[in-house]
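Per-entry structural report
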Amino acid sequence: MSQMMDENLSREFEGPAELSALDRREFLRYLGLFSSMTLLAHCSRKPANIIPFVNEQKEFAVHNYEYYASAFPSRGFAQGVLVKSYQGRPVKIEGNPDHPWSRGATSAQAQAALYELYHPGRLTTPLINGKKAKLEDVRGVLLSFRPQDAKGSDVAFIIPALHSPTMTELLTELRKKYPEASFVSPSPWKSDSFTTYDLEAVNSLLTFDEDLFSGRPDYLILSRAFMKRRKMAIDTNSPHLLNHLYVVSSSPTLAGAKSDDQLFVSRGAVWNSALDLLDELEGKKTSNTQIQKWLPELKKSGLVVIDRSLHPDAGALEALINSHLGHSGKSWDTRLPENTTVTELQAKMKAGAIHTAFILEAEFTLDSDWQSALEKVPVKITHSLFPNETTAKSTTIIPASHWLEAWGDIATPQGLITIQQPLIEPLYPSLGIHRFLSLLLGDKREEQEIFESKWRAKTNWEEALKKGVVSGEIAKSTTLPSKKIFTRLPVSRWEILVRPDPSIGFGEHAENPVLQELPRPFTRLTWSNALLLSENEADHLKVKNEDLIRVKTENGTLEGPVLITSMVSDGMIITYSGFGKKKGTQISGNRGFFADSFNGAKVTTVEKIRGKKRFARVQLSMHMDDHPPVKTATLPVMKPPQKATPASFYPEHPIPAQEQGPQWGMTIDLTTCIGCEACVAACQTENNIPFVGEDQVKKHRYLHWLRIDNYIDEKTVFFQPVPCMHCEKAPCEVVCPVNATVHGNGGLNEMVYNRCVGTRYCSNNCPYKVRRFNFRSYSAVPKPWNMGFNPDVSVRDRGVMEKCTFCVQRIKSGERYGETVKTACQTVCPTEAIVFGDLRDEKSIVAENKKSPRNYDLLEEEGTRPRTSYLKVIRGNA
Amino acid sequence: MSSLSLDTRLTELGYERRWTLYKLLVPVFFLMSMFLFATFILLKTGIGVWGVNIPVAWGFAIINFVWWVGIGHAGTFISAILLLMRQDWRNSINRLAESMTLFAVACAGLFPLLHLGRPWYFYWLLPYPNDMNLFPQYRSPLVWDAFAVMTYASVSLLFWYIGLIPDLAAARDKTKSKIKSVIFGIMSLGWSGTASEWAGWKRLTWLLALLATPLVISVHSIVSLDFAVAKLPGWHSPFFPPYFVSGAIYSGFAMVIVILLWLRKEFSLEDLITDLHLEKCARYLMISGTFLCYCYALEFFTVWLGQEHYEMKNIKHEFMGPKAVLFWLMIFCNVVSMQVLWVKKWRKNHKILFAVSLCVLLGMWLERYVIVVTTLSDTFLPAMKAGYRGTRWDWAILVGTFGVFAFGMICVLRFLPFIPISEIKEERHK
């Protein structure tokens, strides 16, 4: 037993026994070794600071951007833009401040244009007689084109409604060369004249079905002028200076949303109300009480605008009414070099009289009339950016250059020419429209030569390129036809009206995923269209939102899902065009339904059918309860009584020294916001916010950092853009477990993407719900869409939270170069509703706005102390 | 029955009834592979496969987490608090309850990880030295949560294991299998049953019980703070901790009752898991349930008393909104069904007790669903309201964890002495 114990003990104490075997010398040797090792470990170079890239200094600046003036074709007219270029590729589009039609702002469509340029679904290879070809072969085909009939009677040119002086010249020459050829434009926006208005001078404005604040190529300056005048009245606190806007409309319009009073009637009744107004002005009594109510205000320097598509005599009626009121628009001749009409050409085609068709505007030849007519044309030479039904039929396809790849010159109706400079070499073998036409004329010159030789002779070419505008070119003004007797329209039980989609237009932007996903005003619908019905009619048909109905018309049967709104009158069916393409890319293909050919068609029956289609809507509830997020005021506005700061156990923190720099803040004027969504598109392109697709929008996962909440109270509409509020007491910061959202020195609520693990607690605790989450790998967009990404903004991966940063990259760049900082949403806003700046700077507009009696914080009672605040809505008298 | 035969019986129970357990493995493996597959899809695609959205950024993962943690409460409650209160009747069921706790907490622990947008960075929630000098943000309840759940899980595991040592030694001594005797031998840490070992063991279990007792209260209190700290109507309430703890114990006892009733029947343990045990459990179910009812009443009463706009709106949304059916079903399960237990005859009817317990388990899951989804889907700004619906992957993972839980329990039942031998002996001795 004791032996075993000894063994155990010796095993137990083996270690110390060995240690004691170490003699003195060996011990000292080890000691020396270990101490010198310890010392050596501490020998290193003196620590030096390296400068992290995020706080980049001027001399280290890596991103050198260049800006070029160019022109965005907006419904055939020029919107002057500045394109930001990085290493030879365009990365952002801004408005050209020198351009009279943009004044630094742009439309959402211009903002999103890069998504068309870098679209992976573009036509990439020329096709000649069904075989893949090179660009040289295409040039040869065009140069050697000889029609069977030398005068060209069997040739048709289907031309775009683009107001380019050079294109007009080329077409005129072509008409000389082939005097019997047909020239026609299928474009839905072509018109003989275009009327412009000076809204700043107008005291009261009445529109009949015309949306002055959306869709029109000059909506940027119209809304700016109108709001400038309204702001002047507000700034001077004088109610008598307030301008008035009244709207009689059959469909919801942005002008109606901003109006002081609007009336929804059927399409026919809109025309009849305009006639009522004329009668009233001519001293005849009518039963139209609404018009009578507005009349006194209208008589004080008023203006009336009537939608030209309402009636063939609309222009004449407008001119006559305005002659009574004192104001009028200015009309400009905008006729295209056409020599026939669409129906005539289609008849010719169907009769087999056309052998060759040059389809230069394929996207508007998708309806059944065009398609069946084109069937009969043996040779179709199509020039298009994207595949569609017509390119699918064509044996010869010449890919078109995007407007950022080609030279051009685009006019405003007043005749100001904007040079369209290419920002990038064509990504694929393609031709611009001017080059296409000049090759047909046997002109072998390059595009640039065509334009340079033309404009150098007339103006200072370099200056024109720098400024983007060529002055001195006078367009022909015209007068609206005059007429005295007008006929009234019958009002039928049902009327169907197809409006251009507020975002993708007539379909010209259907391939643009950003615009497809841009929420439409009033419906908040994305990626598809719907049939808008009034509540009464929906009750009558026993349908709910998303139920399908069938509308039988003289032009065929239309089936689609119902969307109920208070913004249409009974008996009206409103829908939007641009959808229902069958042979487009994945972006446009089979979205919504094709409605274009049903506009104004006689409706025989409307009935509910089985089935549902789920909408991808970003906002489901548009009703404000008794705690309205949008506040209104009337002039004169009084300063609300100062609220006492609630008692707190915790004293306010003193501002630390490093917080002495600028303190950023934003105000959003809800009076002037017209809800055009341009800021949303601007934010999306500036901040590399990917689109998520229809299915993900259905699941409420859209990524827009800035959204425009729409609230509808019967006929009154409020728009409220909601970016991150950058709360001083941000609820999101407290709950993040990993410090991924923190407060910055400038008062910014910052998001550290790299640190985010994706608990989504911050989003839960955000009362404004402005945080967005990458539920999937949304940023992995197909190439080459990523080429349009802003190099200054990181691309967020799956599982990361993101939100509005107040464009922190612009703040950093502004601080570095000492420039005024403007956020992307602010820059693009046509009415300057969004103002951003340093709150410490007493002279800044934002600091002034914050002192305004109209200023209020959203959800003030939550005590978050947001840096973004709102200015209350002020309307004129109803 | 001699103590020796009790030893043999209890250590061999799992072997004797192995076919009962093996039969169960078929559905259990099905559920587990469903869980694994769903998790694979989840990690591959991202949490976009779930139904979560903005504003409802938390969904099934959080609901399931809170539910499983809640179930994990009864075990430690029974073994620690009842031990301190010298409720000796608990002896024959405490091992089962503790095992249940362990696997419930393990299932619960999976969810916060899977819930993350980037689960591979879960360790950022823990303080560990790193070259960026970045520590967790200690104001966030999620960090407290990580600590609370991990502490609870480790103390529960320790408590369960320490309690198991003498029985593992008994199993080691009884088994005829070589492998088993080696494994049990290692696991029992050389337990030889001397008086000093018993005394030390006893002291240690008491100490651990003292340590575990505040944890029973703290863990669900802290889980409740995930909600209560957020300033959302329906979440921002000071009484959330007791509310959640009572709910947790409620669901925990319901799960204990379900398992005991099943086990007693399948393993013929009427002499060990007696009517008395079930009666006591039913009483605890009633106590915690009644307290929960009080909390419900308190919640609605304080909102009514405060008349705060958004709180009132939230309550209305809860009572009459699109998900009101779930709310009323929850009230039925948690409040109404439990009332039958007031009648002694019904309480002693095991079929009724079983049904009520299942109701409570469903009701407690619905409660978390209502808390999470109702509040989040009804936002301050009317424009951001949106609905929520779990997808098939949400369901697959929830149902899959039943398989994970069941598998753990089956392993315990098959291989370990799940009725504490020593404590039964001790109780018999008395």
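In short, a report on the structure. Just so it is clear, the model here is predicted, and its values are computed rather than measured.

1. Section: the overall build of chain B
In terms of regular secondary structure, chain B is built from 16 helices and 0 strands. The C-alpha radius of gyration computed for chain B amounts to 22 Å, which stays within 12% of the reference 22 Å derived for 430 residues, consistent with globular compactness. Counting only C-alpha atoms and orienting by the principal axes, one finds that chain B spans roughly 70 × 60 × 40 Å. Buried residues in chain B amount to 59% of all 430 residues. Sequence-distant contacts in chain B: of pairs separated by 6 or more residues, those separated by 24 or more amount to 81%. Looking at chain B as shown, the accessible area adds up to about 17500 Å², and 71% of this sits on carbon and sulfur atoms. Put simply, chain B has 38 plus and 26 minus side-chain charges, and the middle of one group is 4 Å from the middle of the other.

2. Quick look at the overall build of chain A
Scanning chain A from terminus to terminus reveals 27 helices and 40 strands. Compactness check: chain A gives a C-alpha radius of gyration of 32 Å against a globular reference of 29 Å for 878 residues, within 12% of the reference. Across its three principal axes, chain A shows a C-alpha extent of roughly 125 × 75 × 65 Å. Counting over 878 residues, chain A shows a buried share of 60%. For chain A, long-range pairs separated by at least 24 residues make up 73% of all intrachain contacts whose partners lie at least 6 apart in sequence. For chain A, the accessible area works out to roughly 36500 Å², and carbon and sulfur atoms hold 53% of it. Here chain A contributes 107 positive and 102 negative side-chain charges, whose respective centroids are spaced 1 Å apart.

3. What to know about the pairing of strand E8 (residues 193-196) of chain A
One face of the sheet, then the other: side chains in a regular strand alternate in exactly this way. Residues and elements named next belong to chain A. Residues Ser-193 and Thr-195 line one face of E8 and the alternating positions Phe-194 and Thr-196 line the opposite face, and both faces are buried. Note that E8 and strand E13 (residues 330-333) share 4 bridges and pair antiparallel. Looking at E13, one finds that Thr-196 is bridged to Lys-330.

4. Digging into the environment of A:Lys544
All names here are of chain A. If you trace the backbone, Lys-544 turns up in the loop between helix H20 (535-541) and strand E24 (547-553). Judged by its relative accessible area of 61%, Lys-544 falls in the exposed class. Those residues in contact with Lys-544 that sit more than four places away from it in its chain are Val-562 and Ile-564.

5. Brief notes about the sheet that holds strand E9 (residues 204-208) of chain A
Residues and elements named next belong to chain A. Overall, parallel pairing links the 4 strands, which are arranged E11-E10-E9-E12 in an open sheet. Two strands lie at the open edges of the sheet, namely strand E11 (261-264) and strand E12 (302-306), each paired on one side alone. Geometrically, the sheet is characterised by an average inter-axis angle of 10° between neighbouring strands, direction not taken into account. By the bridge criterion, 5 bridges tie E9 to strand E10 (residues 244-249) in an arrangement that is parallel. Bridged to Thr-207 within E10 is Val-247.

6. Points about the side chain of A:Glu94
Residues and elements named next belong to chain A. For Glu-94, the location among the structural elements is in strand E3 (residues 89-95). Within polar-contact distance, the side chain of Glu-94 engages the side chain of Arg-810 at 2.7 Å. What Glu-94 contacts, discounting residues up to four positions off in sequence, is Tyr-67, Val-81, Leu-82, Thr-106, Gln-111, Arg-810 and Thr-827.

7. Concerning a negative patch on the surface
Negative charge collects at one region of the surface, where A:Glu535, A:Asp539, A:Asp713 and A:Glu714 lie side by side. Considering the arrangement of structural elements, one finds A:Asp539 in helix H20.

8. What about the interface of chain B and chain A?
If you look at the interface, chain B gives 53 residues, while chain A gives 53 residues. Of all residues in chain B, B:Ile54, B:Arg118 and B:Leu381 give up the largest surface area on contact with chain A, accounting jointly for 16% of the area buried on that side. For the pair chain B and chain A, the interface holds 1 salt bridge. In this structure, the salt-bridge partner of B:Lys231 is A:Glu862, at a minimum N-O distance of 3.3 Å. Counting across the interface, chain B meets chain A through 28 residue pairs in polar contact (both at pLDDT 80 or more).

9. Overview of the nonpolar core
Residues A:Leu199, A:Phe213, B:Trp68, B:Phe227 and B:Phe418 are the most contacted members of the largest nonpolar core, which totals 273 residues. Sort the elements by how many residues they give to this core and helix H9 (residues 240-266) of chain B lands first, with 16 residues. Once residues within four sequence positions are removed from consideration, A:Phe213 is found in contact with A:Leu199, A:Tyr219, A:Leu222, A:Ser223, A:Phe226, A:Met227, A:Leu245, A:Leu254, A:Ala255, A:Lys258 and A:Ile674. Residues A:Ile128, A:Leu174, A:Phe183 and A:Phe436 belong to the second largest nonpolar core, which totals 30 residues.

10. Things to note about the packing of aromatic side chains
This structure, assessed with the given rule, holds 72 aromatic pairs over all chains. Ring centres 6.2 Å apart and planes at 75° place the aromatic pair A:Trp271 and A:Phe486 in the edge-to-face group. Taken as a pair, A:Trp271 in helix H10 (residues 267-281) and A:Phe486 in the loop between strand E20 (477-478) and strand E21 (495-499) lie far apart in primary sequence, 215 residues in all. By relative accessible area, which is 0% here, A:Trp271 ends up buried. A centroid spacing of 6.0 Å and a plane angle of 65° characterise the contact between B:Trp68 and B:Phe402, whose relative ring orientation is edge-to-face. Here B:Trp68, found in helix H3 (residues 60-71), pairs with B:Phe402, found in helix H15 (residues 392-415); they are 334 residues apart in sequence, far enough to count as distant. Across the ring face of A:Trp455, the terminal group of A:Lys458 is positioned such that the distance to the ring centre comes to 5.3 Å.

11. Thoughts on helix H7 (residues 165-177) of chain A
Compared with the 18 Å implied by 1.5 Å per residue over 13 residues, the 18 Å span of H7(A) between its first and last C-alpha is a close match. Inspection of H7(A) places A:Pro165, A:Thr166, A:Met167, A:Leu170, A:Leu171 and A:Leu174 among the buried residues, and these make up the whole buried set.

12. Quick word on a nonpolar patch on the surface
On the surface, a nonpolar cluster with roughly 770 Å² of combined accessible area is contributed by A:Leu22, A:Phe27, A:Leu28, A:Tyr30, A:Leu31, A:Leu33, A:Phe34 and A:Met37. A relative accessible area of 38% means that A:Tyr30 is categorised as partly exposed.

13. Observations regarding the pattern of salt bridges
Residues and elements named next belong to chain A. This structure, assessed with the given rule, holds 54 salt bridges over all chains. Between Arg-456 and Glu-462 there is a salt bridge; the shortest N-O distance is 3.0 Å. Here Arg-456 falls in the partly exposed class, since its relative accessible area comes to 39%. Residue classification places Glu-462 among the partly exposed residues on the basis of a relative accessible area of 42%. Three or more residues are tied together by salt bridges with common partners; here these are Asp-276, Asp-279, Glu-282, Lys-284 and Arg-488.

14. Points about the pairing of strand E30 (residues 664-669) of chain A
All names here are of chain A. For E30, the buried fraction is high: 6 of the 6 residues fall into the buried class. Of the two faces of E30, the one carrying Trp-664, Met-666 and Ile-668 and the one carrying Gly-665, Thr-667 and Asp-669 are both buried. Inspection of the sheet shows E30 paired to strand E37 (residues 834-838) by 5 bridges, in the antiparallel sense. What sits directly across from Gly-665, in E37, is Gly-837.

15. Some thoughts on unusual backbone geometry
As a rule of thumb, non-glycine residues mostly have phi less than zero, and peptide bonds are mostly trans rather than cis. A cis amide bond links A:Leu635 with the next residue in sequence, A:Pro636, at an omega value of -10°. Along the chain, A:Pro636 turns up in the loop between strand E29 (632-633) and E30. Of note, the bond from B:Ile54 into B:Pro55 is cis; its omega dihedral lies within 30 degrees of zero at 15°. Mapped onto the elements of the fold, B:Pro55 is located in the loop between helix H2 (18-45) and H3. With a phi close to 50°, A:Arg75 is a non-glycine residue in the positive phi region. Looking at A:Arg75, the relative accessible area reads 16%, which means it is buried. Despite not being glycine, A:Phe806 has its phi angle at roughly 60°, a positive value. Note on placement: A:Phe806 falls in the loop between strand E36 (801-802) and helix H25 (808-817). Residue A:Phe806 is classed as buried on the basis of its relative accessible area of 1%.

Thresholds, definitions, all that
Residues numbered from 1 in each chain as written. Chains lettered and ligands numbered in written order. Predicted model: local features only at pLDDT ≥ 70, side-chain atom pairs only at ≥ 80, totals over all residues. Heavy atoms only, no water. Helix = DSSP H or I, 4+ residues; strand = E, 2+ residues; numbered from the N terminus. Rg over C-alpha atoms; globule rule 2.2 N^0.38 Å. Buried < 20%, exposed > 50% of the residue type's maximum accessible area, 1.4 Å probe, protein only. Contact = heavy atoms within 4.5 Å. Areas by Shrake-Rupley, 256 points an atom, 1.4 Å probe, with all protein chains shown as cover. Lys, Arg positive; Asp, Glu negative; His and termini not counted. Charge placed at Lys NZ, Arg CZ, Asp CG, Glu CD. Pairing = 2+ DSSP bridges. Axes fitted to C-alpha atoms, helices over the stretch in contact; angles between N-to-C directions. Polar contact = N/O pair within 3.5 Å; in protein donor to acceptor, adjacent residues only side chain to side chain. Patch = residues over 30% accessible without salt bridge, like charges linked within 9 Å, V, L, I, M, F, W, Y side chains within 5 Å. Salt bridge = Lys/Arg side-chain N within 4 Å of Asp/Glu carboxyl O. Buried area = accessible area lost by both parts, 1.4 Å probe. Core = buried A, V, L, I, M, F, W, Y, C linked by side-chain atoms within 4.5 Å. Phe/Tyr/Trp six-rings, centres within 6.5 Å; stacked < 30°, edge-to-face > 60°. Lys NZ or Arg CZ within 6 Å of the ring centre and 35° of its normal. Expected span 1.5 Å × (residues − 1).

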